[in-house]
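Spelled out, the chains give:
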Amino acid sequence: MGAIATDFQDFLEAHLGQELLRFTTAGSVDDGKSTLIGRLLHDTKSVYEDQLAAVKKSRVNRAANGHVDLSLLTDGLKAEREQGITIDVAYRYFSTSRRKFIIADTPGHEQYTRNMATGASTADVAVVLIDARAYLREGKLLPQSRRHTYIASLLGIPHVVAAVNKMDLVGYSEETFRAIRAEFVEFSTQLGLKSVTVIPVSALEGDNVVSQSKAMPWYDGPTLLEFLETVPLAEAGHDGPLRFPVQLVQRPDANFRGFAGQVARGVLRAGDRVMALPSRRETTVKRIVTWDGDLPAAAYPQSVTVELEDEIDLSRGEMLVPSSSVGELALPSIARRFRAMVVWMHEQPLVVGRTYLVKHTTRTARATVKAIRYRVDVGSLEHQQADRLVMNEIAEVELETNLPLFFDAYAESRTTGSLILIDGLTNATVGAAMIVGASESEGADGEQAALVLVAGRAELAERVRDGMEARGKRAVIVDDPLIPIESLVAAIRALSLAGVTAISARSLSVNELEQVRGFAEGRIVLAESLEDDEVLRLSGVEA
Amino acid sequence: MTKTTALDIDSTLLPARLNHLQALEAESIVILREAVAEFARPVMLYSIGKDSSVMLRLAQKAFYPGKIPFPLLHVDTSYKFPEMITFRDAYAKEIGAELIVHRNEEAIAAGANPYTLGTQNCCGLLKTRSLLDALAEGGFDAAFGGARRDEEKSRAKERVYSFRDSAGQWDPKNQRPELWSLYNSRLRKGESIRVFPLSNWTELDIWLYLYAEKIPIVPLYFAKERPLIVRGGQMTLYHDGLKLLPGEEVRSEKVRMRSLGCLPCTGAMKSEADTLPKIIEELLTFRRSERENRAIDHDEEGSMESKKREGYF
Ligand SMILES: Nc1nc2c(ncn2[C@@H]2O[C@H](COP(=O)(O)OP(=O)(O)OP(=O)(O)O)[C@@H](O)[C@H]2O)c(=O)[nH]1
Ligand SMILES: [Mg+2]
């Protein structure tokens, strides 16, 4: 008994200690992505007998030379088997003695590019398939192979491996392989990809997938599996300054107020000074609470609950970052206007001037497309002018949100540099965006005020409101007697979060004004001794 | 949870590196919290099985030190193993969770059963219909489910946030893109989302976690001498009141359940594994998938997908 228990303990530790690698397939339709994944699963003995039997029994078989159609292991939808293509991502899991793998097998068909992006967004490695025979026929890489490689580079996937497939159909020719490799390496250099590997394979016959090919003695590099088992994994995000977006405020009883969330970047430590955004209030991390006990420190991807020393104002959609004493460089960009690479994923085009919802970390805001700076031709990588983006097009876009976002460039942080665009009417997810940086033109047309305080001048309050509305800005006078003075600060804050300016002719106490300052940063207009015109100008109503 | 390996000599300065179970746990907690933050009225589908047990523990962790902020919903077909019901009631009480039990009483009273209706129709009435009714009655806009992508080929295709139209149906050809861990929870009236926090867990991960976390599970998972009959080529556990067909006889075998569904449709398997380590060792030798002992999954090619389209979990 003792022996069994120790063996088990050894097994458990070995198993738990395994690294997890997520990879995705990419490439043009029918390049053999699903067949390759099926082959990988099959040859690593990761397929259950009843599942393999079901595939053998299937009415469909598109595999040549009497092979079992291994693409059916991942093409799990009826429509996929009927049409012989992959429509949506399939996630498969397997492990070897060295690593655990999560595979996303994505569709090559152009219509389903958004599903490819879905599978690729979390990958550490992209396996781009290239059909060697199609290459010979076209004399160049297919546009979809380029598009997917480009998307993989935009999504910041650290390693790209090109699997040159169907080598059996080109007589296992070294010359063909070399031609493809040269073109792929050149294209990926243009894209700035740092880690690129090219492997000749036959998914159908199993060459260089799990075992070394006998048909290609001229190739002495790793098989695909060897590559996947040994490619170095990026160390989890300990690097970079702290970003802790608040997901949820936990208030189980009057004695505890905690901020639940996932550390998105950097290290959160008990005892560290931190700053809350947007209030810029500073405090100290009192405890990092988890069910398994308090932690001295936490990093990405840990999910924890933070208790702070002081009662500061902090809620979902806001963020803890390093204290300002660490220096401005440790702060994220805090801006409403920024540039991002957008992959458009919907039949309805993206149009300049239109407003969408964006979800960025735990914050949801409204974003207006200010400009399309350029659209990328995925074949030549040239920049083109455009005023709209149709499905599958990629462009650098300038967006302006109604509330400030706290972000890093995507190149620095996949978690705080990414956002999705949602159509507010249909609720469809229409775009994926990777932030390039805050716009230089920030503030050109001014940030919308959170509060315009015109104590005692009710008529001016109305003029400000009407003027703002005429300019398409949303503003509300909060002097309805039904809003008690004690709730005024909360009302102003709620409006500010929704991108609406609060206007008041009441008098706020110093204390209340201080509270508003806490979240409104510089966005307060105090009329006090100013002329009407000056107040209107400061409120963004008159030039 | 098991000990983490420290990345740095001074482990108080740097956080420990997560092992893969801890990484899965962290991801699941994000999903649970995100759904609670964004949906008006979430509920957790609690099936009493091993996956539900893991999901429930993750919910306890996600909202610690608070309580689980949503009710548990069990869709009771009336054909569940008696041990499951006993376990359900005791465990919900122990952890202080609110439990809703829903049964399609009309169909049960009318005598719905898998023998005369067939598994497809029986599941349709007692599980899918019943589930959709319960969700509508409770006004739930999001329902957590313990499904894993490694269970079955159509599940492998499903998003973490699986969108359902106002009839509760899934359209696998038209799923919302789902990038990074940015989930789109926007709904119109009547629509809902099934949320799957365990999407990326495998069967082995579940067992390892149950072991590492010492999570209680229904005793039927452990091998024991049990009375059974062989029906339709499957070992069906015998219990008082089960009517024997001509030629059937009750015998006793050391068996356990690899997955738990309804009594008539979930077969037992011969096994000596009466502890979690033994179950895990046994699992590593399996050549056949866990759903093989479930009649529902292979009535025909693609039958799970059809069920899911209709609103089955
Ligand atoms: N001869 C040969 N045929 C192959 C090879 N790999 C795949 N095929 C065949 O190519 C066809 C397409 O294979 P799939 O695996 O479905 O291609 P895919 O890239 O997954 O296609 P989509 O997912 O729809 O983009 C099938 O008929 C395969 O049998 C190979 O190495 N050699
Ligand atoms: Mg495919």
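All figures in this text were calculated on a predicted structure; none of them were measured in a lab. (Residues numbered from 1 in each chain as written. Chains lettered and ligands numbered in written order. Predicted model: local features only at pLDDT ≥ 70, side-chain atom pairs only at ≥ 80, totals over all residues. Heavy atoms only, no water.)

## Some points on the state of the cysteines
All names here are of chain B.
Thinking step 1. Under the definition given, this model contains zero disulfides over all chains.
Thinking step 2. Free of any disulfide, C123 has its nearest neighbouring cysteine sulfur in C122, separated by 6.2 Å.
Thinking step 3. We classify C123 as buried; its relative accessible area is 10%.
Thinking step 4. Among the cysteines around C265, which has no disulfide bond, C262 carries the closest sulfur, lying 6.3 Å off. (Disulfide = S-S within 2.5 Å. Buried < 20%, exposed > 50% of the residue type's maximum accessible area, 1.4 Å probe, protein only.)

## Quick word on the coordination of the magnesium ion (ligand 2)
Residue and element names in this part refer to chain A.
Thinking step 1. Those donors, S34 (OG) and T86 (OG1), are the protein atoms that reach the magnesium ion (ligand 2), and they lie 2.0 Å from it. Taken together, the positions of S34 in helix α2 (residues 33-43) and T86 in the loop between α4 (78-83) and β2 (90-95) put the pair 52 residues apart, joining distant regions of the chain.
Thinking step 2. Residue classification places S34 among the buried residues on the basis of a relative accessible area of 7%. (Donors = N, O, S within 2.8 Å, 3.2 Å for Na, K, Ca; no water. Helix = DSSP H or I, 4+ residues; strand = E, 2+ residues; numbered from the N terminus.)

## Points about the site of ligand 1
All names here are of chain A.
Thinking step 1. Near ligand 1 you find 21 residues, and of these K33, T35, R62, T86 and D168 are the closest.
Thinking step 2. Here L204 contributes a backbone N or O atom positioned 3.1 Å from an oxygen atom of ligand 1.
Thinking step 3. In the complex, 94% of the free accessible area of ligand 1, which totals 660 Å², lies under the protein chains.
Thinking step 4. Considering every element that reaches the shell around ligand 1, the biggest residue donor is α2, with three residues. (Near = heavy atom within 4 Å. Polar contact = N/O pair within 3.5 Å; in protein donor to acceptor, adjacent residues only side chain to side chain. Areas by Shrake-Rupley, 256 points an atom, 1.4 Å probe, with all protein chains shown as cover.)

## Topic: empty space enclosed by the protein
Residue and element names in this part refer to chain A.
Thinking step 1. Scanning the entire structure with this criterion turns up nine cavities of 30 Å³ or more.
Thinking step 2. Roughly 90 Å³ of volume is contained in the second largest cavity.
Thinking step 3. In this structure, the second largest cavity is lined by 11 residues; those nearest its centre are P278, S496, L497, F519 and R523.
Thinking step 4. Ranked by residues supplied to the lining of the second largest cavity, first place goes to helix α11 (residues 488-497) with three residues.
Thinking step 5. Taken together, the residues of the lining of the second largest cavity break down into five nonpolar, one polar and five charged.
Thinking step 6. Domain assignment of the residues forming the lining of the second largest cavity places at least three in each of domain 3 (333-442) and domain 4 (451-538). (1 Å grid on protein atoms, 1.4 Å probe; cavity = no way out; pocket = protein on both sides within 12 Å on 5 of 7 lines; lining within 4 Å. Points joined across faces, edges and corners; volume = space filled by probe spheres on them. Nonpolar A, V, L, I, M, F, W, Y, C, P; charged D, E, K, R; others polar. Domains from an automatic or database assignment.)

## Describing helix α7 (residues 203-213) of chain B
Thinking step 1. By the criterion of burial, α7(B) is predominantly enclosed, with 10 of the 11 residues buried.
Thinking step 2. Taken together, the buried positions of α7(B) are E203(B), L204(B), D205(B), I206(B), W207(B), L208(B), Y209(B), L210(B), A212(B) and E213(B).

## A few points about unusual backbone geometry
All names here are of chain A.
Thinking step 1. Omega for the peptide link from L277 to P278 comes to 10°, which places this bond in the cis form.
Thinking step 2. Geometrically, the link from Y300 to P301 is a cis peptide bond, its omega value of 0° lying close to zero.
Thinking step 3. Of note, P301 is situated in the loop between β13 (297-299) and β14 (303-308).
Thinking step 4. One non-glycine residue with positive phi stands out, namely D30, at about 70°.
Thinking step 5. Relative to the assigned elements, D30 resides in the loop between β1 (19-27) and α2.
Thinking step 6. Despite not being glycine, R280 has its phi angle at roughly 65°, a positive value.

## A short note on the pattern of salt bridges
Thinking step 1. If you walk through the whole model with that rule in mind, you get 63 salt bridges over all chains.
Thinking step 2. Between E138(A) and R137(A) there is a salt bridge, with its nearest N and O atoms 3.6 Å apart.
Thinking step 3. Looking at E138(A), the relative accessible area reads 42%, which means it is partly exposed.
Thinking step 4. For the salt bridge of E105(B) with R103(B), the shortest nitrogen-to-oxygen distance reads 3.1 Å.
Thinking step 5. Sharing partners across several salt bridges, the network here consists of R337(A), R339(A), K370(A), R373(A), E396(A), E398(A) and E400(A). (Salt bridge = Lys/Arg side-chain N within 4 Å of Asp/Glu carboxyl O.)

## Re the domain arrangement of chain A
All names here are of chain A.
Thinking step 1. If you check the domain split of chain A, you get domain 1 (8-230), domain 2 (244-330), domain 3 (333-442) and domain 4 (451-538).
Thinking step 2. Computed from C-alpha atoms alone, the centre-to-centre distance between domain 3 and domain 4 is 31 Å.
Thinking step 3. Contacts between domain 3 and domain 4 engage six residues on the former and six residues on the latter.
Thinking step 4. Of the roughly 390 Å² buried at the junction of domain 3 and domain 4 (both faces included), carbon and sulfur atoms supply 46%.
Thinking step 5. Of all residues in domain 3, R366, N402 and L403 give up the largest surface area on contact with domain 4, accounting jointly for 64% of the area buried on that side.
Thinking step 6. Counting every contact that joins domain 3 to domain 4 gives zero salt bridges.
Thinking step 7. Summed over the shared surface of domain 3 and domain 4, the result is one residue pair in polar contact (both at pLDDT 80 or more).
Thinking step 8. Elements represented by at least two residues in the side of domain 3 that touches domain 4 include exactly β19 (363-376) and β22 (394-407).
Thinking step 9. Looking at the side of domain 3 that touches domain 4, the element that brings in the most residues is β22, giving three residues. (Contact = heavy atoms within 4.5 Å. Buried area = accessible area lost by both parts, 1.4 Å probe.)

## Remarks on the interface of chain B and chain A
Thinking step 1. Taken residue by residue, the interface counts 78 residues in chain B and 92 residues in chain A.
Thinking step 2. Buried area between chain B and chain A, both sides added, is near 7,200 Å², and the carbon and sulfur share of it is 57%.
Thinking step 3. Joining chain B to chain A, the criterion identifies nine salt bridges.
Thinking step 4. In this structure, K359(A) engages E34(B) in a salt bridge whose closest nitrogen and oxygen atoms are separated by 2.8 Å.
Thinking step 5. Our count for the chain B to chain A interface comes out at 32 residue pairs in polar contact (both at pLDDT 80 or more).
Thinking step 6. Elements with a minimum of two residues in the side of chain B that touches chain A: α1 (20-38), α2 (50-63), α7, α8 (276-285) and α9 (303-310) of chain B.

## Things to note about the sheet that holds strand β8 (residues 248-253) of chain A
All names here are of chain A.
Thinking step 1. Strand order in the open sheet formed by seven strands is β7-β15-β11-β12-β14-β9-β8, with antiparallel pairing between adjacent strands. The open sheet has two edge strands, β7 (244-245) and β8, and neither has a second partner.
Thinking step 2. Here strand β9 (residues 256-262) pairs with β14 via five bridges, running antiparallel. Residue F259 lies in a different strand from β14, and its bridge partner there is V306. (Pairing = 2+ DSSP bridges.)

## A short note on the nonpolar core
Thinking step 1. Ranked by size, the top nonpolar core spans 67 residues in total, and within it M44(B), F144(B), Y161(B), V195(B), W201(B) and W207(B) carry the most contacts.
Thinking step 2. The contacts of W207(B), once residues within four sequence positions are left out, are K50(B), I217(B), Y221(B), R258(B), L276(B), I279(B), I280(B) and L283(B).
Thinking step 3. Ranked by size, the runner-up nonpolar core spans 48 residues in total, among them A26(A), L193(A), V198(A) and M434(A). (Core = buried A, V, L, I, M, F, W, Y, C linked by side-chain atoms within 4.5 Å.)

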